[in-house]
Structures are given as structure tokens and as C-alpha cells.
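Okay, here's what each chain looks like letter by letter:
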Amino acid sequence: MNIVFLGPPGAGKGTYADILSNMLKLPVIATGDLFRAEIERGTELGKKVEHYVKTGELVPDDIVIKLIENIIDSEEAKGGVIFDGFPRTVAQAKKLDELLAQRGKGIDIVIELSVPDDVIVRRLSSRRICPKCGRIYNLISNPPKDDEKCDFDGEKLIQRDDDKPETIRKRLKVYYERSAPLVSYYKSGKASKYLIIDTSQSVEDGYKNMIAALKGLGFELRTR
Ligand code: AMP
């Protein structure tokens, strides 16, 4: 099964993709995480994409598609994947459809996360991540137990460069210009089931909404 998460930065794609990944035992492919890891390691790819990622611009489609092509053919992705942050343009979505169709597969579910802009700006400014394990916290709605340290490995949490207010506004602009057209692209697609989940409240509420919507599609899911 292949699932795509859509929605603006800060809507909770990473958080909800992780929850669903645990429930469905499917790997998450988060292109943003993959790019940040390449930048961190100083690889050729990392050097190519660093400027885009740090300034909130989109990495060019050809680079993203090459990365995805390698991943969907990997052993890990054989049973399907949950895409977080990909596709981000209609060109990427069309290419993904083509790559999956060539392999006798397709997108089964598209989950759009919906949140107003003012909530996004507030949420992203207080988002922190663990540089070691990648767990995501929010100083307001989901704070770590001890100061600004990861609950699991005690690592000091950090703020992503692109979670600074100026870059957040830029990322939102890029989302509305380049990624929002994906909503009508997928809504008009016949193959996939389309869900809209309101994630403007707590993760607990958003989680309940997502489970109810998936159950409505006939999925048997264990609740937490
Ligand atoms: P994210 O962690 O999903 O917010 O992504 C962080 C940054 O990585 C984005 O602002 C883009 O610069 C880049 N990025 C991630 N996924 C894509 C994609 N599918 N297409 C283009 N750029 C991407």
C-alpha cells in the first residue's frame, strides 16, 4: 500500500506519518529528512541541495525524482511506503504515478492535513527536533519532559534552520504556489482514496480524526 501525506509545512505530516507507519508497519519516506541527512554528511547530493533546503526553496524536480526512484526500488519499500513531503509539485506527482504504474502499483490513499496559517507559524516557531533520533517535539503542545532534551536519548533538542519566522513565511508562500495544486490533482484522480484531516488542534485530536477517517474507508486499525 502506498500513502501520500499532503499539507503545508507544520501541518504535522511527519508526526502523523510516523503514527501510521507504526500501525501499518510501512516505512516512511520523508524527502526533507533524507536531504537533511545528506547535508549533514556533506555528500555531493547534500552540497547540491543545501541552499534550497536552508532557504525554504524547493529542490529541483529532477534531483528529487532520482532520489525517489532509487528508494521505491529498494527492498524496504517492496510492500509500499508512506510518503511525507513528496510529491511537492504536480510534475513530481505525475512522475510518481508513472514510476508506480510501471511497477504495477499506485497511490492507494492521499491524506491531506489542513491547518490555518496562523497556527502553522506558531507551531513551527516552537518546533524542536532531536538531532540524534529525529523525534519531533513542540515546546507548547508536545514539550519534552526535561528542559529542551529528548525524552528518549537525552540529546539537546535543536531548531531547524528553516523553522525561523522569515523562512517559515517563505515556505508557506512556496507551498501555496507550488504544492497546493496537488490537492486538485489528487482529488480528481480516480485511483486513490482522499481524506482531509483537521490537525489544527492537539495531536491526540488529529490522531482520532485520522483513525476515524481511515476506519470509514474500511481499515481495521488498532487504536493506541
Ligand atoms: P520538509 O522536511 O518536508 O519540510 O522539507 C524541508 C526542505 O527540503 C523543503 O523546504 C525543500 O527545500 C526540501 N524538500 C523536501 N522534499 C522536497 C520535495 N519533494 N521537492 C522539493 N524539495 C523538497
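Here's what I pulled together on the structure shown here. (Residues numbered from 1 in each chain as written. Predicted model: local features only at pLDDT ≥ 70, side-chain atom pairs only at ≥ 80, totals over all residues. Heavy atoms only, no water.)

## Considerations on the pattern of salt bridges
The condition that has to hold: A side-chain nitrogen of Lys or Arg and a carboxyl oxygen of Asp or Glu constitute a salt bridge if their distance falls within 4 Å. Three labels apply to residues, based on accessible area from a 1.4 Å probe with only protein chains included: buried if under 20% of the type maximum, exposed if over 50%, partly exposed otherwise in between.
Taken as a whole and assessed by the stated rule, the structure comprises 17 salt bridges. Its salt-bridge partner being Asp163, residue Arg171 comes within 2.9 Å of it at the nearest N-O pair. The two residues Arg171 and Asp163 agree in class, both being buried. Connected via shared salt-bridge partners are Arg127, Arg160, Asp162, Asp163 and Arg171.

## Re the site of the ligand
Applicable threshold: Consider each residue's heavy atoms; a residue with any of them within 4 Å of a molecule or strand counts as near. By the criterion applied in these results, polar contacts are pairs of N or O atoms within 3.5 Å in which, for protein atoms, one can donate a hydrogen and the other can accept it, and in which residues neighboring in sequence qualify only through two side-chain atoms. Accessible areas in this description were obtained via Shrake-Rupley with a 1.4 Å probe; residue shielding takes into account the shown protein chains only. The helix count covers DSSP runs of H or I at least four residues long, the strand count covers runs of E at least two residues long, and both are numbered beginning at the N terminus. Gly is placed with the polar residues, together with every amino acid not listed as nonpolar (Ala, Val, Leu, Ile, Met, Phe, Trp, Tyr, Cys and Pro) or charged (Asp, Glu, Lys and Arg).
Around the ligand sit 17 residues, and of these Thr31, Arg36, Glu57, Gly85 and Gln92 come closest. A distance of 2.5 Å is found between an oxygen atom of the ligand and a backbone nitrogen or oxygen belonging to Glu57. With respect to the ligand, the side chain of Arg171 contributes an N or O atom lying 3.3 Å from an oxygen atom. Burial of the ligand by the surrounding chains reaches 95%, relative to a free accessible area of 480 Å². Among the secondary structure elements, those contributing two or more residues to the shell around the ligand are helix 2 (31-41) and helix 3 (44-55). Looking at which element gives the most residues to the shell around the ligand, the answer is helix 2, with 4 residues. When grouped by side-chain class, the residues that make up the shell around the ligand number 7 nonpolar, 4 polar and 6 charged.

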